[in-house]
Amino acid sequence: ASGARGQGWLRPAGHDTGVMVYNSLTRRKDPLIVGRADAASWYSCGPTVYDHAHLGHACSYVRFDIIRRILTRIFGCNIIMVMGITDVDDKIIKRAREMNVSPTSLASLYEEDFKQDMAALKVLPPTVYLRVTETIPQIISFIEGVIAKGHAYPTAKGNVYFDLRSRGDKYGKLVGVAPGPVGEPVDSDKRHASDFALWKAAKPQEMFWASPWGNGRPGWHIECSTISSLVFGSQLDIHSGGIDLAFPHHENEIAQCEVFHQCEQWGNYFLHSGHLHVKGKEEKMSKSLKNYITIKDFLKTFSADVFRLFCMRSSYRSAIDYSDGTMLEAKHLLLATAAFVEDARAYMKGQLVCGPVREDVLWERLSHTKGAVKAALADDFNTPGAVDAVMDLIHHGNRQLKAVTKFVSGDSSSATLHSVVEELVRFRLKVRQFALATGEATREARRQQLLERQPLLEACDALRRDLVAHGISIKDRSSTSTWELLGQRAENHKPGS
Ligand SMILES: Nc1ncnc2c1ncn2[C@@H]1O[C@H](COP(=O)(O)OP(=O)(O)OP(=O)(O)O)[C@@H](O)[C@H]1O
Ligand SMILES: [Zn+2]
């Protein structure tokens, strides 16, 4: 079949974000233009909640969370994100039966579980979550609309199907091919083998809702079309999901929405994330293949930040391999970044002794890095490019800071010594505050207390004097104490000396 892929994509009117984005509708990078910068619309297909989420799901949602944050923070685009939750579906019904619980309680259990996992991975929640079971009346009227426009038909058995042939060569915007017949049971009541269900008549013992076509439940694709249209109407800036959703799911969503809204182009940009594979395997990580690692198990060993950096080190579109090795690499990069930040802080506070620092060179590098990061991200959210630019900056920073990298006294590791001094100053502060506390009611009682605690104050002063000999200067301020290294300070802060 011919298909409509990439034909006549309509460049949207609105705000140009300055980002070039790979659009599955055109199979090329298009300028990302959203309806309005203060409320760009983004629909994300949510999970089918019948089991714990695994790292494959994590990968897709984290990558899109990173893109959402980039658009918001770097390109000043405020995003309204809607996510549909599939809480009624064959898999849910099957699993609920196996576990001998109601499909509703199973779904709400795993929905909560999904939300907790996302929070643990620092994925921002969508602006709006909508469950299929909360939108049944709207789904029914959406289906009525599609029937009224002549693109769907109810059957005697109480099913409703989308009439694919009525769409002609407009079907296939994403994949470019109209689907061949899929292995259908012989008793199918479809007119054409590739027609897909909008409404499924209830089977015995299944949950159902009353509808003009009898008792039943919605098909899968219609839920996303309805939920998106419910919030955003007939226009959508961005639609996202894993690459496995492009066909048939997104293709069918497009067909439904464009006939319902009678429009040429409902969604302007379709973004698809690549799959997470288990290293060396062809298949994606998947529940049905039982080759998955749950998010909870993963987080027992590694942090959310490690996973997020792991995700950033590849383009969101590419397939990635999971392995402990690649996770450890991400972990080490994260540690190297933290160590640099720590050293840079110590340097600024005058607690790090190093050779002369060419601050002018670092400023120059910093501004270069900012430009490089933004340019990389504007190119289809090239996060590995942005990470490289930042690591490059850190490399140069380290070369300067690590020149001597020693605290004034001794050979101990600078970080440890720094922490020890910090602890000591903190302890001294507590003692001093106790000595100076004036909780007593009468003047005389306060005087008496100060007198009793006088030796503690003297000990604090003695410690301060003694530490000067070790090159550490403590300053007592009204409610706190600070410290710095003597001698090296002036030299440290002299730029370019
Ligand atoms: N291995 C994977 N890598 C990347 N994304 C994935 C992976 N598995 C699922 N996804 C994505 O996660 C999102 C939620 O998918 P959904 O709840 O439909 O999972 P699923 O297809 O039932 O999972 P499974 O394949 O494990 O049964 C979708 O966008 C899907 O594309
Ligand atoms: Zn969807």
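Described below are features of the structure shown in this document. (Residues numbered from 1 in each chain as written. Chains lettered and ligands numbered in written order. Predicted model: local features only at pLDDT ≥ 70, side-chain atom pairs only at ≥ 80, totals over all residues. Heavy atoms only, no water.)

Okay, the pairing of strand β11 (residues 267-273) next. Along β11, 7 of the 7 residues are buried, which leaves the element largely enclosed by surrounding structure. Pairing analysis gives 6 bridges linking strand β10 (residues 236-242) to β11, with the strands arranged parallel. Bridging from a neighbouring strand, H239 pairs with F270 of β11. Tracing the backbone out of β10, into helix α6 (residues 246-260) and back to the parallel element β11 gives a crossover that is right-handed. (Buried < 20%, exposed > 50% of the residue type's maximum accessible area, 1.4 Å probe, protein only. Helix = DSSP H or I, 4+ residues; strand = E, 2+ residues; numbered from the N terminus. Pairing = 2+ DSSP bridges. Right-handed = clockwise from strand over helix to strand, strands pointing away.)

Protein ligation of the zinc ion (ligand 2) involves C45 (SG), C224 (SG), H249 (NE2) and E253 (OE), the donor distances falling in the range 2.0 to 2.5 Å. Around the zinc ion (ligand 2), the 4 donor atoms sit at angles spanning 75 to 129°, and that spread fits a shape best called irregular. Read from N- to C-terminus, the donor residues coordinating the zinc ion (ligand 2) fall into the pattern C-x178-C-x24-H-x3-E. Of the two residues, H249 and E253 both sit in helix α6, 4 residues apart, roughly one turn of that helix. Residue classification places H249 among the buried positions, given a relative accessible area of 1%. (Donors = N, O, S within 2.8 Å, 3.2 Å for Na, K, Ca; no water. Tetrahedral: all angles 85-135°; square planar, octahedral: opposite > 155°, others 65-115°.)

Attention shifts here to the packing of helix α9 (residues 324-348) against helix α11 (residues 383-401). For the pair α9 and α11, interaxial distance at closest approach is 10 Å and the crossing angle is 45°. By the angle class used here, α9 and α11 are oblique. Pair α9 / α11 crosses with left-handed handedness. Residue-level contacts link L333, T337, F340, D343, A344 and Y347 of α9 to M391, I394, G397, N398 and L401 of α11. Tallied by class, residues from the contact of α9 with α11 come to 7 nonpolar, 3 polar and 1 charged. (Axes fitted to C-alpha atoms, helices over the stretch in contact; angles between N-to-C directions. Parallel < 35°, antiparallel > 145°, perpendicular 65-115°, else oblique. Left-handed = near helix turned anticlockwise from the far one by under 90°. Contact = heavy atoms within 4.5 Å. Nonpolar A, V, L, I, M, F, W, Y, C, P; charged D, E, K, R; others polar.)

Attention now moves to the side chain of K190. Within the fold, K190 resides in the loop between β7 (160-162) and β8 (197-201). Overall, K190 belongs to the buried group, its relative accessible area being 19%.

Glancing now at the nonpolar core. Core analysis: the largest hydrophobic core is formed by 93 residues, its most contacted members being L55, L71, L121, L198, F307 and F381. Of all the elements, helix α1 (residues 55-73) adds the most residues to this core, at 10 residues. Filtering out sequence-adjacent residues up to four positions away, F307 remains in contact with L55, A58, C59, V62, L121, F298 and M327. (Core = buried A, V, L, I, M, F, W, Y, C linked by side-chain atoms within 4.5 Å.)

Right, let's get into the site of ligand 1. Neighbouring ligand 1 are 21 residues; H54, D244, K284, M285 and K287 lie closest to it. Here a nitrogen atom of ligand 1 and a backbone polar atom of G56 are 3.1 Å apart. Contacts to ligand 1 include L276, whose backbone N or O atom sits 2.8 Å from a nitrogen atom. Here ligand 1 has 600 Å² of accessible area as a free molecule, and 95% of this is covered by the chains. When residues of the shell around ligand 1 are traced back to their parent elements, those giving at least two are β3 (40-48), α1 and β10. For the shell around ligand 1, the element with the most residues is α1, which contributes 4 residues. Considered class by class, the residues forming the shell around ligand 1 number 6 nonpolar, 11 polar and 4 charged. (Near = heavy atom within 4 Å. Polar contact = N/O pair within 3.5 Å; in protein donor to acceptor, adjacent residues only side chain to side chain. Areas by Shrake-Rupley, 256 points an atom, 1.4 Å probe, with all protein chains shown as cover.)

Extensive coverage of strand β2 (residues 28-34) is indicated by the burial of 5 of its 7 residues. Two strands pair when backbone bridges link them, and strand β1 (residues 15-23) and β2 are joined in this way by 6 bridges, in the antiparallel orientation. Across the sheet, residue M20 finds its bridge partner in β2, namely P31. Counting the residues that bridge the hairpin from β1 to β2 gives 4 residues, and of these R27 lies at a positive phi of roughly 55°.

This brings us to the sheet that holds strand β9 (residues 216-218). Strand order in the open sheet formed by 4 strands is β6-β7-β8-β9, with antiparallel pairing between adjacent strands. This sheet does not close on itself; its edge strands, each paired only once, are β6 (152-154) and β9. Strand-to-strand twist of the sheet, defined as the mean angle between neighbouring strand axes without regard to direction, takes the value 20°. As paired strands, β6 and β7 are joined by 3 bridges and run antiparallel to one another. Its bridge partner lying in β7, A152 is registered against F162.

An order of β5-β4-β3-β10-β11 is seen for the 5 strands of this open sheet, with the pairing classed as parallel. Here the strands that pair on one side only, and so sit at the sheet edges, are β5 (128-131) and β11. In this sheet, adjacent strand axes meet at a mean angle of 20° when their direction is disregarded. Alignment of β3 against strand β4 (residues 79-86), held across 7 bridges, turns out to be parallel. What sits directly across from S41, in β4, is I80. Sitting on the sheet, helix α3 (residues 103-120) touches β3, β4 and β5, and the angle it makes with β5 is about 160°.

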